[in-house]
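As a plain string of letters, each chain reads:
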Amino acid sequence: MQPGVYQMLGEKGEVLYVGKARHLKKRVASYFSSKQKDIKTQALLSHIKDISVTPTSTENEALLLECHLIKKHKPHYNILFRDDKSYPYILITEERPYPCIKFYRGEKEAKGKYFGPYPNIIAVREAIHLVQKIFGLRVSNDRYSPNRTRPCLKYQIGLCSGSCAGLISEKEYKISVQNAILFLQGKRKRVLSQLNRQMQQASRALNYEMAAKIRDQIARFQVIQEESNVSVSNKPDYFIVLESLLATGGVTKPIKKIECFDISHIMGEATVGSCVVFNPEGADKRDYRRFNIKNVTPGNDVAAIHQVVFRRYQRLQAESYPLPDLVLIDGGLGQLAAAHKALNELNIHEIILVGVAKGAGRKPGLETLYFSNKSAINLPKDSPALLLIQQIRDEAHRFAITSHRKQRAKKRFTSSLEKIPGIGKKRRRELLTHFGGIQEINRASLKELSEVTGISEFLAKQIFKALHSNGE
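Residues numbered from 1 in each chain as written. Predicted model: local features only at pLDDT ≥ 70, side-chain atom pairs only at ≥ 80, totals over all residues. Heavy atoms only, no water.

Some thoughts on the overall build of the protein chain
What counts is decided by this rule: The numbering of helices and of strands both runs from the N terminus, where a helix is a DSSP run of H or I of at least 4 residues and a strand a run of E of at least 2. To sort residues, take the accessible area from a 1.4 Å probe on protein chains only and compare it with the maximum for the residue type: under 20% means buried, over 50% means exposed, and anything in between is partly exposed. Only the protein chains shown count as covering a residue, and every accessible area follows the Shrake-Rupley method with a 1.4 Å probe.
Per the secondary structure count, the protein chain includes 18 helices and 15 strands. Within the protein chain, buried positions represent 45% of all 472 residues. Carbon and sulfur atoms make up 51% of the accessible area of the protein chain, which totals about 25700 Å².

Take a look at the structure:
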């Protein structure tokens, strides 16, 4: 019985639904049984094109990973299945002198810091319990009173620092709150560093009682760290996640920047290349680039890859812009060789090139990774390095296909308008300026078209007819 998380994927690789299971295989299989499904589940199943599964060591790890993936992808059907109820959050209030930690759902009207959303109440309670156990924050029902002399029961069992009875100073409690916030943000290394520094400061000040309390916090924190093997940080540590890939490929160069290329077209029409950029903080969308492929035989992905790689790094060289450490190419040995040739022509030899070839049935987890020396490896399905590569590759594909669709729509739109007498460049420009884009023009009514400067009622009818006679 293997616990884990499953992700239902749509036609474009987008995440439609994320779920966890105590028995992963049995749970996924239940969706495809002959048992009658409700309307929402039927709707989900009609859109599923693939399923990605991630086994975990424990059910608790599955819960943490499910929470992280829902926060990251915000899947449509996770929201839909909740009947429009809001997801639960954790709130750390701004009460004086001792803020509390509490479960929260609804409009964010209360003052304080919010964390979430979490997939369910169980995940919230588990996180609150961990914060209590490590940092001793009081919960909302632990009332503070300046006249109270006896602490609550939670103090006796180590889940409270005695704030309800004023047994901890406001300054000390504030430090615990700051560390709890870092913990809930996923910055666990920073929390441990902070605790060690605070313990040393207390020891130097001869405050041995405080040093002992922090020592116990560190001990509890380390135990919890050992119990959880799944990182739920909002910003994955890409330096660590690539370690296994580089070790397997025989490369020891540290990775600070990754770029990935993909080509998108339909039967060679409106071929577009994409380049996405990742750094230690995640996707750097400001540095994304798209390329309209020129003078290449339609459908020749190998030549297209050569062109976009050459154009990308020729431009970076000309602008003295830092080159990436690792470049992923969506494709096999042919595409990899084309990228390698482009770099050689530019006299660039320091970039690590890796081709990411899809496996049988194009299923995630079966990819083969090719290196410039023609060696090939297959990483385990649950390898952090492979999961990272899939994420970057899928983002490159998403960006490429989005660009391709815009280019194709623009081409067809322009072609349709050019056939209408009286519609030249100026009026096409007026239409684009007025509506703000091609899709908006396609959706415009006859009346809305006639309101554009320079477009008469007669021309509006001609435009409407041209755009909609081809199903556009």
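After that view of the structure, there is still more to cover.
Side note on helix H8 (residues 188–204)
Applicable threshold: In this scheme, a helix's expected span is set at 1.5 Å multiplied by one less than its residue total. Taking the helix axis as origin, the arc is that swept by the directions to the C-beta atoms.
Between its first and last C-alpha, H8 extends 25 Å over 17 residues, near the 24 Å set by a 1.5 Å rise per residue. If you check which residues of H8 are buried, you get Arg188, Val191, Gln194, Leu195, Gln198 and Ala202. Summarising the axial view, the buried residues of H8 lie within an arc of 115°, below the 170-degree limit, and thus occupy one face. Looking at H8, the residues exposed on the side facing more than 90 degrees away from the buried face are Lys189 and Arg204. Positive backbone phi, at 65°, marks Leu206, one or two positions downstream of H8.

Overview of the environment of His397
Rules: Contacts: residue pairs with any heavy atoms within 4.5 Å of one another.
Note on placement: His397 falls in helix H14 (residues 384–418). Setting aside chain neighbours within four positions, we find His397 in contact with Lys12 and Asp262.

Thoughts on the packing of aromatic side chains
Geometrically, a pair of aromatic rings is defined through the distance of the ring centres and the angle of the planes. Keep this limit in mind: Two rings from Phe, Tyr or Trp (for Trp, the six-membered ring) form a pair when their centres sit within 6.5 Å of each other. Planes less than 30 degrees apart are called stacked, planes more than 60 degrees apart edge-to-face, and all others tilted.
Per the stated rule, a full pass over the model turns up 8 aromatic pairs. Ring plane angle 65° and centroid distance 5.1 Å describe the contact between Tyr288 and Phe399, whose orientation is recorded as edge-to-face. Placement of the pair is Tyr288 in the loop between strand E10 (282–283) and strand E11 (289–292) and Phe399 in helix H14, with a sequence separation of 111 residues. For the pair formed by Tyr288 and Phe399, the shared burial category is buried. Each member of the aromatic cluster is reached from another via a ring pair, and the members are Tyr6, Tyr17 and Tyr31.

Overview of the sheet that holds strand E2 (residues 15–21)
What counts, and what does not: Following DSSP output, two strands are said to pair if at least two bridges run between them. With axes taken as lines fitted to C-alpha atoms, and helix axes fitted only over the stretch in contact, angles between N-to-C directions fall between 0 and 180 degrees.
Sheet architecture is open: 3 strands sit in the order E2-E1-E3, paired in antiparallel fashion. Because the sheet does not close on itself, it has two edges, and the strands there are E2 and strand E3 (50–55). Pairs of neighbouring strands in the sheet enclose a mean axial angle of 15°, with direction left out of account. Where strand E1 (residues 4–9) lies against E3, 6 bridges are found, and the strand directions are antiparallel. Note on E3: the bridge partner recorded for Gly4 is Pro55.

Regarding the packing of helix H12 (residues 301–318) against helix H13 (residues 333–345)
Our working rule: It is the rotation of the near helix from the far one that decides the hand of a crossing: anticlockwise by less than a right angle makes it left-handed, clockwise makes it right-handed. Residues are sorted three ways: Asp, Glu, Lys and Arg are charged, Ala, Val, Leu, Ile, Met, Phe, Trp, Tyr, Cys and Pro are nonpolar, and all the rest, Gly among them, are polar.
Between H12 and H13, the least distance of the axes is 8 Å, while the angle of their chain directions is 30°. Relative to H13, H12 is oriented so that their crossing is right-handed. Residues Asp301, Val302, Ile305, His306, Val309, Phe310 and Tyr313 of H12 form the contact with H13, whose participating residues are Gly334, Gln335, Ala338, Ala339, Lys341, Ala342, Leu343 and Glu345. Class assignment for the residues of the contact of H12 with H13 results in 9 nonpolar, 3 polar and 3 charged.

Digging into unusual backbone geometry
At Lys74, a position not held by glycine, the phi torsion is positive, near 50°. Tracing the sequence through the fold places Lys74 in the loop between helix H3 (59–73) and helix H4 (76–80). Given a relative accessible area of 58%, Lys74 falls into the exposed group. The backbone phi angle of Asn347 is positive, close to 60°, even though this residue is not glycine. Tracing the chain through its elements places Asn347 in the loop between H13 and strand E13 (352–357).

Comments concerning the confidence of the model for the protein chain
The criterion, for reference: Predictor confidence is given residue by residue as pLDDT, running from a minimum of 0 to a maximum of 100.
Counting all residues, the mean pLDDT for the protein chain is 77, and 78% of those residues have values of 70 or more. Within the protein chain, H13 carries the highest mean pLDDT (94), whereas helix H10 (residues 238–241) carries the lowest (44). Across residues 227–241 the pLDDT falls below 50, and counting only partners more than four positions away or on other chains, this stretch makes 35 contacts in the model.

As for the nonpolar core
Let me state the cut-off plainly: The criterion is simple. A nonpolar core is a set of buried Ala, Val, Leu, Ile, Met, Phe, Trp, Tyr and Cys residues joined through side-chain atoms within 4.5 Å.
Residues Ile90, Ile92, Ile101, Tyr118, Leu137 and Leu184 are the most contacted members of the largest nonpolar core, which totals 33 residues. The set of elements that each furnish at least two residues to this core consists of H3, strand E4 (89–93), helix H5 (121–135), helix H7 (170–184), H8 and helix H9 (208–227). In terms of residues, this core owes the most to one element, H5, which gives 8 residues.

Description of the pairing of E2
Here E2 lies mainly inside the structure; 6 of its 7 residues are buried. Pairing geometry for E1 and E2, over 6 bridges, is antiparallel. Among the inter-strand pairings, Val5 is bridged to a residue of E2, identified as Lys20. What sits between E1 and E2 in their antiparallel hairpin is a turn of 5 residues, with Gly13 showing a positive phi close to 85°.

Things to note about the side chain of Arg138
Counted only if it meets this: Polar contacts, as used here, are pairs of N or O atoms within 3.5 Å; protein pairs need one atom able to donate a hydrogen and one able to accept it. Residues neighboring in sequence count only if both atoms are side-chain atoms.
Assignment of secondary structure puts Arg138 in strand E7 (residues 138–139). Look at Arg138 and you get buried, because its relative accessible area is 4%. A polar atom in the side chain of Arg138 sits 2.8 Å from the backbone oxygen of Tyr98.

A closer look at H5
With 15 residues, H5 ought to run about 21 Å at 1.5 Å a step, and its terminal C-alpha atoms sit 21 Å apart, in line with that. Downstream of H5 by one or two residues, Gly136 has phi in the positive range, about 70°.

A few points about the environment of Lys426
With respect to the helices and strands, Lys426 occurs in helix H15 (residues 425–435). Taking the C-alpha atoms as reference, Lys426 lies 9.1 Å from Gly454; in sequence the two are 28 residues apart.

What to know about the packing of H5 against H7
Working note: a packed helix pair is described by the angle between its axes plus the distance between those axes. Applied cut-off: If an angle is under 35 degrees, it is roughly parallel; if it is over 145, roughly antiparallel; if it lies from 65 to 115, roughly perpendicular; otherwise it is oblique.
With their axes 10 Å apart at the nearest point, H5 and H7 run at an angle of 140° to one another. One element, H5, and the other, H7, form an angle in the oblique class. You can see that H5 and H7 cross each other, and the crossing is right-handed. Along the contact surface, H5 presents Ala127, Leu130, Val131, Ile134 and Phe135, while H7 presents Ser176, Asn179, Ala180, Phe183 and Leu184.

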